[in-house]
Amino acid sequence: MFSKRKLIYILDDDESVCCALKTLLLTYEFEVMTFNSAKGFFDAVPMDAQGCLVLDIHMSGSDGWTVQKRLLDSGSKLSVIFISAEKKESAADRALKVGAVGFLQKPFDGQTLVDLIDRAVKNMDSTIKK
Amino acid sequence: METKKKEIAPGRRRAAPKKPVRQSAGEKKARNNLGKKLRRQITELQKRDEQLKQGADREKAADRKIEEQREELLHVTRVGKLAEFVSSLAHEISQPLTAIHSYAQAAQRMLADREPQLQEILQHIINDNQRAAAVILRLRALLKKSKPTFETLDINAVINDTISLIITHITVRHKIIKCELDGKLPPIKGDRIQLQQVLLNLVSNSLEAMDAGGADSCEMTIKSSRKNARTILVEVTDSGSGISAKNMKKLFSHFFTSKPDGLGMGLSISRSIVEAHGGRLKARNNRGRGATFYFTIPTNQGE
């Protein structure tokens, strides 16, 4: 049976952040997949996947910016929400410039994340309808 | 040069004869000439000596300058290292805080309207989590390498503003703060907030030193004065426990603290703020009791 629940991908090299965000998003009835590395994510998720990616910026190996660039280059339709524990004023601007739906500074309120996801999903739906 | 030396040596010997000797006119003339030559040479030597002394002084001053620059560099490096360290620390702590926050919110949602007591506990977890996050934000703001915004300031106004911020804190501790402000000070160029931060740090350190100093140490003084034409001096004097010789050396080092719950950053940050203003922050023990922290700040004249 095709699930109507929205699919959220979480890519963060911190296991406990992944697990906690998943637990939280599950209570909002999202379907959630988590990845600890860019490689794990690209190996598992096809380029034409739809949904929303919660993407950590500061990761060992490929960082969030590199992942986003690769997604853009491959024409991916995923909506990206950047999250970061690092405090850089420029990060939020840069996130929007590279086409992300939003940027959240860790630790953030769960509802704020969900609102952003909802907004991303609505955008997606309206593009598909067009 | 060779001949001159030969002339000086016998000349000296002849200049102090034990017995008067009869001299011919020719000899007299020769002696006079010799005397003139000697005097000239003595003056010349004195001049050279003076020049050498001045050269040595210049060299010393240059050495001092190099030493100061080296210290400055070390300091800048330390501040940079500290900022780096705090930044990675903040990152590492933010990760579990994010997880804790999300878990607690998830649990709240799972409980929905059930278990009000558990809900309340979860809310406490969330609130305290936010408190921890706020501490990290403040820490980051403190070390942010933001360039100070310099404006023309009256240092006495800055001191008064700072006192009004902390006066309640002082009175509830049954302490007295005295002001001896020189009303004729020229303006300075500085960052109001940063200078307040320095003064607050010095005043609260003094208060803590007086707490440790016992019941009869309860008075502190803030004094502003003119050190010289281009420098203003601000002194914060307390009647507290003073500074031990051991602590005096490390006073301004990062992470050095004599307080059980201190971070050891107040004075090192204060010093880098004062130095960014072109001044110096130092400490000394008073003759009687307590210690004085004092900093200089250049006046805004001639700019």
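What to know about the nonpolar core
- Ile155, Leu202, Ile222, Val234, Phe293 and Phe295 of chain B are the most contacted members of the largest nonpolar core, which has 39 residues in total.
- Mapped onto this core, the elements with two or more residues apiece are α2 (25–111), α4 (155–172), α5 (192–213), β4 (219–228), β5 (231–237), α7 (266–276), β6 (281–285) and β7 (291–298) of chain B.
- Element by element, the count of residues in this core is highest for α5 of chain B, at seven residues.
- Every residue in contact with Phe293 of chain B, bar those within four places of it in the chain, is listed here: Leu202, Val234, Glu235, Val236, Ile243, Leu251, Phe252, Leu267, Lys282 and Ala283 of chain B.
- Core analysis: the next-biggest nonpolar cluster, separate from the first, contains 25 residues, Val54, Val101 and Met124 of chain A together with Ala106 of chain B among them.

Topic: unusual backbone geometry
- The amide bond that connects Lys106 of chain A to the next residue, Pro107 of chain A, takes the cis arrangement and shows omega of -10°.
- Here Glu29 of chain A, not a glycine, exhibits a phi torsion of approximately 70°, which is positive.
- With a relative accessible area of 54%, Glu29 of chain A lands in the exposed category.
- Within the chain, His174 of chain B stands out as a residue other than glycine whose phi angle is a positive 60°.
- Examined against the element boundaries, His174 of chain B turns out to sit in the loop between α4 and β2 (176–181).

Describing the pairing of strand β2 (residues 31–35) of chain A
Residue and element names in this part refer to chain A.
- With five bridges connecting them, strand β1 (residues 7–11) and β2 associate as parallel partners. Looking at the pairing, Tyr9 lines up with Met33 of β2.
- With helix α1 (residues 15–26) bridging β1 and its parallel neighbour β2, the resulting β-α-β unit is right-handed.

Quick notes on the interface of chain B and chain A
- Listed as interface residues are 18 residues of chain B and, on the opposing side, 25 residues of chain A.
- For the pairing of chain B and chain A, the buried interface totals around 1,800 Å² over both sides, and the portion due to carbon and sulfur atoms is 61%.
- At the junction of chain B with chain A, the criterion picks out zero salt bridges.
- Summed over the shared surface of chain B and chain A, the result is six residue pairs in polar contact (both at pLDDT 80 or more).
- Those elements that place two or more of their residues in the side of chain B that touches chain A are α2 and α3 (116–143) of chain B.
- At 13 residues, the largest contribution of residues to the side of chain B that touches chain A is made by α2 of chain B.
- Considering only residue class, the side of chain B that touches chain A consists of seven nonpolar, eight polar and three charged.

Concerning α4 of chain B
Residue and element names in this part refer to chain B.
- Taking 1.5 Å of rise per residue, 18 residues should cover 26 Å, and α4 covers 26 Å from first to last C-alpha, within 8% of that figure.
- Taken residue by residue, α4 has Ile155, Asn156, Val158, Ile159, Thr162, Ile163, Ile166 and Ile170 as its buried positions.
- Buried residues along α4 sit against β1 (151–153), β2, β3 (188–190), α5, β4 and β5.
- Among the residues of α4, the N-terminal cap falls to Asp154, whose side-chain oxygen and the backbone nitrogen of Asn156 are separated by 3.0 Å.
- One or two residues past the end of α4 sits His174, with phi positive at roughly 60°.

Let's talk about the sheet that holds strand β3 (residues 52–56) of chain A
Residues and elements named next belong to chain A.
- A sheet is described by the order of its strands in space; here five strands give the open sequence β2-β1-β3-β4-β5, paired in parallel fashion. Of all strands in the sheet, those with a lone pairing partner are β2 and β5 (102–105), marking the two edges. Adjacent strand axes in the sheet meet at a mean angle of 20°, parallel and antiparallel pairs treated alike.
- Pairing of strand β4 (residues 79–84) with β5 involves four bridges; the strand directions are parallel. In the strand pairing of β5, Ile81 is matched with Gly102.
- Running over the sheet, helix α4 (residues 89–97) touches β4 and β5 and is turned about 155° from β5.

Section: the packing of α4 of chain B against α5 of chain B
Residues and elements named next belong to chain B.
- It is the contact of α4 with α5, at a shortest axis distance of 9 Å, that shows an interaxial angle of 45°. Judged on the interaxial angle alone, α5 and α4 are oblique. Crossing handedness for the pair α4 and α5: right-handed. Of α5, the residues touching α4 (which contributes Ile155, Val158, Ile159, Asp161, Thr162, Leu165, Ile166, His169 and Ile170) are Arg192, Leu195, Gln196, Leu199, Leu200, Val203, Ser204 and Leu207.
- The residue inventory of the contact of α4 with α5, partitioned by class, reads eleven nonpolar, four polar and two charged.

Remarks on the pattern of salt bridges
- Under the criterion given, the structure shown has 13 salt bridges over all chains.
- Glu44 of chain B is the partner of Arg48 of chain B in a salt bridge, and the nearest nitrogen-oxygen pair spans 3.5 Å. Separated by four residues within a single helix, Arg48 of chain B and Glu44 of chain B lie in helix α2, roughly one turn from each other.
- Between Glu151 of chain B and Arg192 of chain B there is a salt bridge, and its shortest N-O distance comes to 3.6 Å. With Glu151 of chain B in strand β1 and Arg192 of chain B in helix α5, the pair connects residues that are 41 residues apart, well separated along the chain.
- For Arg192 of chain B, a relative accessible area of 29% gives the class partly exposed.
- Ionic contacts of the salt-bridge type, sharing partners, join the residues Asp12, Asp56 and Lys106 of chain A into one network.

Description of the confidence of the model for chain A
- Per-residue confidence for chain A gives a mean pLDDT of 87, with 92% of residues at or over 70.
- Taking the mean pLDDT of every element in chain A, the minimum, 80, falls on helix α5 (residues 110–129) of chain A and the maximum, 95, on β2 of chain A.

About the cut-offs
Residue positions within a chain follow its written sequence, with the count starting from 1. Whichever chain is written first becomes A and whichever ligand is written first becomes 1, with later ones labelled in order. Reporting of local features is limited, given that this is a predicted model, to residues whose pLDDT is at least 70; pairs of side-chain atoms are given and counted only at 80 or more, and all residues count toward the totals for whole chains, interfaces and linings. With hydrogens and water stripped out, all remaining heavy atoms of the structure feed into the side-chain values. Side-chain atoms within 4.5 Å are what join buried Ala, Val, Leu, Ile, Met, Phe, Trp, Tyr and Cys residues into a set we call a nonpolar core. Burial here depends on accessible area, computed with a 1.4 Å probe over protein chains only, as a share of the maximum for the residue type. Under 20% is buried, over 50% is exposed, and the range in between is partly exposed. Each helix corresponds to a stretch of at least 4 residues labelled H or I by DSSP, and each strand to a stretch of at least 2 residues labelled E; elements are numbered beginning at the N terminus. Contacts: residue pairs with any heavy atoms within 4.5 Å of one another. A strand pair is defined by DSSP finding two or more bridges across the two strands. We call a crossover right-handed when, viewed with both strands directed away from the observer, the connection leading from the first strand over the helix to the second proceeds clockwise. The term buried area refers to how much accessible surface (probe radius 1.4 Å) is lost by two components on association, counted for both of them together. Only one rule defines a salt bridge in this text: a Lys or Arg side-chain nitrogen within 4 Å of an Asp or Glu carboxyl oxygen. Here a polar contact means two N or O atoms within 3.5 Å. Within protein one must be a hydrogen donor candidate and the other an acceptor candidate, and residues neighboring in sequence count only if both atoms are side-chain atoms. Following the grouping adopted for this structure description, the nonpolar residues are Ala, Val, Leu, Ile, Met, Phe, Trp, Tyr, Cys and Pro, the charged ones are Asp, Glu, Lys and Arg, and the polar ones are all others, Gly among them. An expected span of 1.5 Å times one less than the residue number is assigned to each helix. Whenever a helix is involved, its axis is fitted only over the stretch in contact; in every case the axis is a line through C-alpha atoms, and angles between N-to-C directions fall within 0 to 180 degrees. Oblique is the label for every angle not falling under 35 degrees (roughly parallel), over 145 degrees (roughly antiparallel), or within 65 to 115 degrees (roughly perpendicular). Handedness of each helix crossing follows the sense of rotation of the near helix against the far helix: counterclockwise by less than a right angle gives left-handed, clockwise gives right-handed. For every residue, the predictor assigns a confidence score, pLDDT, that lies between 0 and 100.

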